[in-house]
Each structure stands twice: as structure tokens, then as C-alpha cells.
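Spelled out, the chains give:
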Amino acid sequence: MYSVRMRAERDKKHISGAERIVETKGISTTVSALAERALSHEKGKPDFINISVEALKTPIKNVTSLPLILTHVENAKEGKALAKGLLLTLGLPLLCIEKAILLLEKGPADGENMRGAIIMGMQGNRLEPDKHRGIRVSRMDITKGCSIELERAIVDAGLIPYYTYISEALVLATKVSSVKGTIAELCWSDDPSYTAGYVASKKLGYVRIPHLKQKGDPRGGRVFFVDNIDLDNYIHEMENTPLLVNKFCGLREISLDKP
Ligand code: PML
Ligand code: MG
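Residues numbered from 1 in each chain as written. Chains lettered and ligands numbered in written order. Predicted model: local features only at pLDDT ≥ 70, side-chain atom pairs only at ≥ 80, totals over all residues. Heavy atoms only, no water.

1. Concerning the domain arrangement of the chain
Frequently, the measure chosen for interface size is the accessible area that the parts lose on association. Its domain assignment divides the chain into domain 1 (2-57) and domain 2 (62-254). The C-alpha centroid of domain 2 is placed 21 Å from the C-alpha centroid of domain 1. Contact residues are listed per partner, giving 16 residues for domain 1 and 17 residues for domain 2. Interface of domain 1 and domain 2: buried area, both sides summed, is about 1400 Å²; carbon and sulfur atoms make up 43% of it. Counting across the interface, domain 1 meets domain 2 through 6 salt bridges. The closest approach of N and O atoms between glutamate 168 and arginine 20, which form a salt bridge, is 3.0 Å. Counting the contacts that link domain 1 with domain 2 gives 10 residue pairs in polar contact (both at pLDDT 80 or more). Looking at the side of domain 1 that touches domain 2, the elements that each hand over two or more residues are strand E1 (2-10) and strand E2 (13-22). (Domains from an automatic or database assignment. Contact = heavy atoms within 4.5 Å. Buried area = accessible area lost by both parts, 1.4 Å probe. Salt bridge = Lys/Arg side-chain N within 4 Å of Asp/Glu carboxyl O. Polar contact = N/O pair within 3.5 Å; in protein donor to acceptor, adjacent residues only side chain to side chain. Helix = DSSP H or I, 4+ residues; strand = E, 2+ residues; numbered from the N terminus.)

2. Observations concerning the nonpolar core
For soluble globular proteins, nonpolar side chains are generally found buried alongside one another. Among the nonpolar cores identified, the biggest contains 38 residues, and Leu68, Leu150, Tyr198, Tyr206, Phe224 and Met238 are the most heavily contacted of them. Listing elements by their share of this core, those giving two or more residues are strand E5 (68-70), strand E7 (140-142), helix H4 (144-156), helix H5 (163-178), strand E9 (197-201), strand E11 (221-226), helix H6 (231-240) and strand E12 (243-247). Residue contributions to this core peak at 8 residues, all from H5. Discounting residues that sit within four places of it in the chain, phenylalanine 224 has contacts with Ala117, Ile118, Ile119, Met120, Ile135, Val137, Val176, Ala184, Glu185, Tyr234 and Met238. (Core = buried A, V, L, I, M, F, W, Y, C linked by side-chain atoms within 4.5 Å. Buried < 20%, exposed > 50% of the residue type's maximum accessible area, 1.4 Å probe, protein only.)

3. Digging into the sheet that holds strand E4 (residues 61-64)
Strand order in the open sheet formed by 3 strands is E4-E12-E7, with parallel pairing between adjacent strands. Each end of this open sheet is capped by a strand with a single partner; those strands are E4 and E7. Here the average twist between neighbouring strands, direction ignored, is 30 degrees. As judged from the 4 bridges shared by E4 and E12, these two strands associate in the parallel manner. Residue pairing in the sheet places valine 63 in a bridge with valine 245 of E12. Along the sheet, H5 makes contact with E4, E7 and E12, crossing E7 at roughly 125 degrees. (Pairing = 2+ DSSP bridges. Axes fitted to C-alpha atoms, helices over the stretch in contact; angles between N-to-C directions.)

4. What to know about the coordination of the magnesium ion (ligand 2)
For a metal with four tetrahedral donors the ideal donor-metal-donor angle is 109.5 degrees, while six octahedral donors give ideal angles of 90 or 180 degrees. Within the protein, Asp190 (OD) and Asp191 (OD) serve as the donor atoms for the magnesium ion (ligand 2), at 2.2 to 2.6 Å. Residue aspartate 190 is classed as buried on the basis of its relative accessible area, which comes to 18%. (Donors = N, O, S within 2.8 Å, 3.2 Å for Na, K, Ca; no water.)

5. Things to note about the packing of helix H2 (residues 76-89) against helix H3 (residues 94-106)
For the pair H2 and H3, the least separation of the axes is 10 Å and the interaxial angle reads 145 degrees. For the element pair H2 and H3, the recorded crossing hand is right-handed. On H3, the residues touching Lys80, Lys84, Leu87 and Leu88 of H2 are Leu94, Ile97, Glu98, Ile101 and Glu105. Across the contact of H2 with H3, the residue classes tally to 5 nonpolar, no polar and 4 charged. (Left-handed = near helix turned anticlockwise from the far one by under 90°. Nonpolar A, V, L, I, M, F, W, Y, C, P; charged D, E, K, R; others polar.)

6. So, the layout of surface pockets
The volume enclosed by the second largest pocket comes to roughly 400 Å³. Lys13, His14, Ile15, Glu112 and Asn113 are the residues nearest the centre of the second largest pocket, which is lined by 16 residues in total. (1 Å grid on protein atoms, 1.4 Å probe; cavity = no way out; pocket = protein on both sides within 12 Å on 5 of 7 lines; lining within 4 Å. Points joined across faces, edges and corners; volume = space filled by probe spheres on them.)

7. Overview of H3
The end-to-end C-alpha distance of H3, which contains 13 residues, comes to 18 Å, matching closely the 18 Å that a straight helix rising 1.5 Å per residue would cover. When H3 is considered as a whole, its buried residues turn out to be Cys96, Ile97, Ala100, Ile101, Leu103 and Leu104. Taken end-on, H3 shows its buried residues confined to a sector of 160 degrees, consistent with a single buried face. Exposed residues pointing more than 90 degrees away from the buried face of H3 are listed as Leu95 and Lys106. Looking at the packing, one finds that the buried side of H3 touches H2, strand E6 (118-120), strand E8 (182-188) and E11. Positive backbone phi, approximately 95 degrees, marks glycine 107, located one or two places after H3. (Expected span 1.5 Å × (residues − 1). Arc of directions from axis to C-beta.)

8. Section: the side chain of lysine 213
With respect to the helices, strands and loops of the structure, lysine 213 is situated in the loop between strand E10 (205-209) and E11. Aspartate 217 provides the closest opposite charge to the buried, unpaired lysine 213, separated from it by 5.2 Å. Polar side-chain contacts of lysine 213 include one of 2.7 Å to the backbone oxygen of serine 189. Only 2.6 Å separates the side chain of lysine 213 from the backbone oxygen of aspartate 217, close enough to count as a polar contact. If we ignore the near neighbours within four places in the chain, the residues touching lysine 213 are Ala76, Trp188, Ser189, Asp190, Asp191, Pro192, Tyr194, Thr195, Pro218 and Arg219. (Lys, Arg positive; Asp, Glu negative; His and termini not counted.)

What follows is the structure, given as C-alpha cells:
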């Protein structure tokens, strides 16, 4: 199996990234699909596209996705209040939660988005070695069979226009939550037109929140809240251990008063 990865930038700023795990026969169509994707992002035309193809040398971990839990909020204020409540339920200190939200609002790389994620310790301390690059979770995908199941559920929920966003984020969040030491993840999109995000954790699943920022806001990113990690091992596993989501854990909807 091969890991095929794409990232695109302009003026050294991250525009988009995506990746797949494929067999030899899938490499060329995947490379061209990822090139197409790099060239058609709402953030504009890149001046640099990197696509790499690499044989996977370590065994692939097969895992079941986190359950996909849909919530309904009216706006970003409600969305952030919900995210805060979920993160508190997961036992995170308020200080960490508030710091994480502020960082994503203001741009965690000196006012800009990061290419990857923040790792935050329980004192609100940032642990990622490079504050611009962050941690790029990598070498992950979903099997064909599982993506068909997921797509069915997303169609039933009326969210098919957002299928790619949801599927890719669910795979990433499943990998993040599977790594020892992760308590939770907070994410909202850095695409200006896409306001959704989520709080993900082993305990509560992937809780999708449709509004975590205002439409048009280009800021977004990810924070991994961790406790008791060996930083090098943690980063190594996030970036290198290949993982395939081969089973969909299901979808359910919750109302705000009963999270
Ligand atoms: C991104 O790829 O920009 C992050 C999207 C996070 C939310 C995905 C969803 O709609 O559930
Ligand atoms: Mg994006």
C-alpha cells in the first residue's frame, strides 16, 4: 500500500492538504485527483503544490470510526458555548479551553493559521515544536466499504454537500483520539465559507457543531488536548503510523439540552 499526500500553498501560506492510502493501481488516479483538488480550492490558486507517493513500510492499523454525533446550534456563539461545555465535561481545565478557543480565533501562528495542529498540555502550555507548522496528522484513510456506509448516513442526515469535509475530519479525529494521551480535540475549519467544526474524544465521539465561527472568517485550526505523553512518541505516531478506518460506528443526533 502507498501513502499519497498533497499540500498546496501560496506565498508560503498553507492553502490545502489531503491524503489517501491506496494500492499500486490507484496511485495515478489519486495523484491527479489530488492535483485537481489543490488547484480548485476556494482560498485561491497555489504557487506550490507538493504531492508525494511513498510505500508504507509499517503495518496498517485498522480501526472503527468514532460515532458521528450531530448537534444543532443557531450561530457561532451557541456553537462555542456547546464546545466549551463538552470540553469541560471531558475534564479539561477552563483555562486550557479558553486559551485554545482564543488561539484559533486570533490565528495561532503569529496571527496566521498553522499548517497543522496545536498540542496543548493540561496547563494550557503549547507543546508542538514548531508554532507555524504544528503537527500534521498523516498516513490515514477510510476503506471503500466504510465510506459507502458513512455516505449513506450523511445522505440521510441531509448533509451530503459536506461529505468530503465530514469524512476527512472524522478519519483524522478517529486517528487523533486513538493515540494514547489524547483527551480531546477541538477543530473548526480554516475555509472562509465553512463554519463547522467539532469536539472529538474517545469518550463522547465526534460531536459535529455546525457553527463555530462566522461565515467569511478565514481563521481555523485544530487543538489536541493531551495529558501524560511522551512528546516525541506522540508526534511520531500522529505523523507516521498508518491507519485505516474500516468500520463506521454510526450516526446520531442530539439536542442542545441533552448532550
Ligand atoms: C476542514 O477540513 O476544514 C475541517 C472541517 C471540520 C468540520 C467537518 C464537519 O463538517 O464535520
Ligand atoms: Mg481547510
